[in-house]
Amino acid sequence: MGELLGGWKRTGYCAEPTVTDVGKEVTLMGWTNVRRDLGALVFVQLRDRTGVMQVVFDSSSLCKEDFERACTIRSEFVLAVRGTLVKRTGGMVNKTMKTGEVEVVVREFKILSKSETPPIEVDDNCNASELQRLKYRYLDLRRPCMQKNLMLRSQVSTVTRNYFASQGFVEIETPVLTKSTPEGARDYLVPSRVHPGKFYALPQSPQLFKQMLMLSGFDRYFQIARCFRDEDLRADRQPDFTQIDLEMSFVEAEDVLTVNEGYLKTLFKETLNVEIQLPLPRIKWKDAMARYGSDKPDTRFGLELCDLTDVVKNCNFSVFANAIQAGGSVRCINVKGHSADFSRKEIDALGEFVKTYRAKGLAWINMKPDGLQSPIAKFLTDVEITAIQARANLETGDILLIVADTDATTFASLGALRIKLAEKLNLIHANQFNLLWVTEFPLLEWNEEEKRFVAVHHPFTSPMDEDLPLLNTDPGKVRAKAYDIVLNGVEIGGGSIRIHAQELQKKMFDIIGLPDAVAKERFGYLLDAFRYGAPPHGGLAYGLDRVCMLLAGASSIRDVIAFPKVQNASCPLTNAPDSVDDQQLDELHIACTEKES
RNA sequence: GGCCCGGUAGUACAGUUGGUUAGUACGCCAGCCUGUCACGCUGGAGGUCAGGGGUUCGAGUCCCCUCCGGGUCGCCA
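Right, let's walk through the structure included here. (Residues numbered from 1 in each chain as written. Chains lettered and ligands numbered in written order. Predicted model: local features only at pLDDT ≥ 70, side-chain atom pairs only at ≥ 80, totals over all residues. Heavy atoms only, no water.)

Moving on, we get to the overall build of chain A. Looking only at helices and strands, one finds 17 helices and 22 strands in chain A. Taking the principal axes of the C-alpha coordinates as reference, chain A spans close to 95 × 75 × 55 Å. In chain A, which comprises 597 residues, the proportion classed as buried is 48%. The long-range share in chain A, meaning contacts at least 24 apart out of those at least 6 apart in sequence, stands at 68%. Averaging the positions of the 73 positive and the 81 negative side-chain charges in chain A gives two centres separated by 3 Å. (Helix = DSSP H or I, 4+ residues; strand = E, 2+ residues; numbered from the N terminus. Buried < 20%, exposed > 50% of the residue type's maximum accessible area, 1.4 Å probe, protein only. Contact = heavy atoms within 4.5 Å. Lys, Arg positive; Asp, Glu negative; His and termini not counted. Charge placed at Lys NZ, Arg CZ, Asp CG, Glu CD.)

And the structure:
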């Protein structure tokens, strides 16, 4: 006991001592960040999670044996050093370092651990590929920016717990091994050993449990919950991710939004010291679509969409006419003042870009100083062109980009194009945080493949009271008491007021074509619970990873997750998923038909 | 499942029209150096050009297949 460190204790972290501590004896422990060997003088930057401190090994003050030992120190060796904190003078001061005015003159030291040459450099300038970084994640996480990201994430969790606790929320854990609820994302399944042929599912969210907690009387609940979805990955999607999940009883949507606006204000203040003005702006779903072509608009820049449908509905250009005839629309973006910024080749590239969103093409009108240029001008009358110009406020120096298609395709392609244009034209300012509520989502969506309505959110979402009559006559028009919270064009959370009346819930299942028997089998326990006194309730869940990504200024949630997975859902560090012993499979009553050699 | 981009030394990259012994930077190793801080100087080691097949007198380079990574569409109630 105690031999390893020989009774040494750290006096503090590496980057803590300042000029006011000069003259003190310090004991620091950490990793060798850089070594600079000048022959009879060796400098080492000692690093821990607070930063670095320069420590000096001087041949004139150390015994020969110790100095020779110091010369063997290499990158990432773990050291314990003890010596005097001295003030640096003159040219020795390094103003770029937090601790650049002081250094430790080493009197004695221990090499606590040696290190092989690290395969990737432990440095923020390290430009190793993400695959290498993930393979050696334990080294990658030593880098200051990754340490900063994970400490920020920790702070987010702390602020979240403190805030919701202060508002009277009770933190309750819900099971990770639970029951499969299809009709959502694909479930991760866990075979049962004691129930041959049966499976647990990992939760996609604690949705049904938190609703039952409302029935149990925990009228304000929250949880930082791990969730699992077996779907393809993206920069902002991992198979296992974390939600800040909350639910409230005896509330309307307004109450949920208010409590969460308080949370967001607190979160931004305490993590980034950014002031958020309340109340947050709101936009109705249909307006978000019409103006931004997206249900998660980035409002940090303009480039809003403009509807040309009625202006061109009688024109001779068959692409426009046909789209409108088929019930679609013709919409455009006026890129004001950027007429000269798009070559023919670049416009063609934008055309290819919108095709990835199923648009058939991109029409355009370029208002050059020497006249209007457009491949579609010949199909339009002067009156129609004038009408387009008036509608889109199209003036000399502007370029108009137009898509004609179904509403869904028009919105999707122009919505994506809008963001691409903003990036190309540098219209997005860093350090700006635009929070926005999107409200009045549609309750249901017609699914052409399955020939039925499906819930846009989930089937427990309450319709808006004034739209209840439409449930029977025109379900596609019914709006939901659902809301998303959007930050800089990223959906960071969403929620709704739930259905708490059995009759309405039955009707919902009916409309989405879920037979009573199936509903009973899947959600029977929740439906039963509703029979014993259900309070009106609603809530919201945030994607914690996305929130942290945006607060950290990262471009992927992988940068705020300690051990993330790569695109094929595997982990380069642990090599999960991996094959298992036959004995394990036997115990689980599983036969594996595909085996890798 | 579709589309796009990529895979060359430990790491990141360059590699011309297919042509000699595949280069550069960082890192690494050795030597020198008492104020460096992106230390410097001198020297050195280090390559399955992702894998397989094909075209060719000749392939890192061209073609096909596979694998791997990133982005994205579908998917993600």
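On to helix 7 (residues 285-292), then. Taken residue by residue, helix 7 has Ala288, Met289 and Tyr292 as its buried positions. With its buried residues spanning 105° around the axis, helix 7 presents them on a single face. Contacts made by the buried residues of helix 7 are with strand 11 (282-284), strand 12 (305-307), helix 12 (407-424) and strand 17 (435-439). (Arc of directions from axis to C-beta.)

The mixed closed barrel is built from five strands, whose spatial order is 1-2-3-5-4. For this sheet the average axis-to-axis angle between neighbouring strands, irrespective of direction, equals 55°. Pairing of strand 3 (residues 51-58) with strand 5 (residues 102-113), which is carried by two bridges, proceeds in the parallel orientation. By the bridge assignment, Val56 is partnered in strand 5 with Val105. (Pairing = 2+ DSSP bridges. Axes fitted to C-alpha atoms, helices over the stretch in contact; angles between N-to-C directions.)

By the definition in use, this model includes 17 aromatic pairs. Ring centres 4.8 Å apart and planes at 20° place the aromatic pair Phe317 and Phe379 in the stacked group. Separated by 62 residues along the polypeptide, Phe317 in the loop between helix 8 (309-312) and helix 9 (318-325) and Phe379 in the loop between strand 15 (371-373) and helix 11 (382-392) bring together distant segments of the chain. On the basis of an interplanar angle of 90° and a centroid distance of 6.2 Å, the ring pair of Phe460 and Phe509 is categorised as edge-to-face. Residue Phe460 is located in the loop between strand 19 (452-455) and helix 13 (470-473), and its partner Phe509 is located in helix 14 (residues 502-511); the two are separated by 49 residues in the primary sequence. The class for Phe460 is buried, based on a relative accessible area of 4%. (Phe/Tyr/Trp six-rings, centres within 6.5 Å; stacked < 30°, edge-to-face > 60°.)

Turning our eyes to something else, we now look at the protein's contact with RNA strand B. Around RNA strand B, the structure places 52 residues, and the nearest of them are Arg36, Asp37, Met92, Glu103 and His457. Backbone atoms, meaning sugar plus phosphate, form 51% of the atoms of RNA strand B positioned within 4 Å of the protein. Interatomic distance of 3.1 Å between a side-chain N/O atom of Arg229 and a phosphate oxygen of RNA strand B. Between RNA strand B and Ala455 there is a distance of 2.6 Å, counted from a sugar or linking oxygen to a backbone nitrogen or oxygen. At the level of elements, strand 1 (25-37), strand 2 (41-48), strand 3 and helix 2 (130-135) are the ones that each hand at least two residues to the surface near RNA strand B. In terms of residue count, strand 1 provides more of the surface near RNA strand B than any other element does, three residues in total. (Near = heavy atom within 4 Å. Polar contact = N/O pair within 3.5 Å; in protein donor to acceptor, adjacent residues only side chain to side chain.)

Fair warning: the whole summary comes from geometry, so function is off the table for now.
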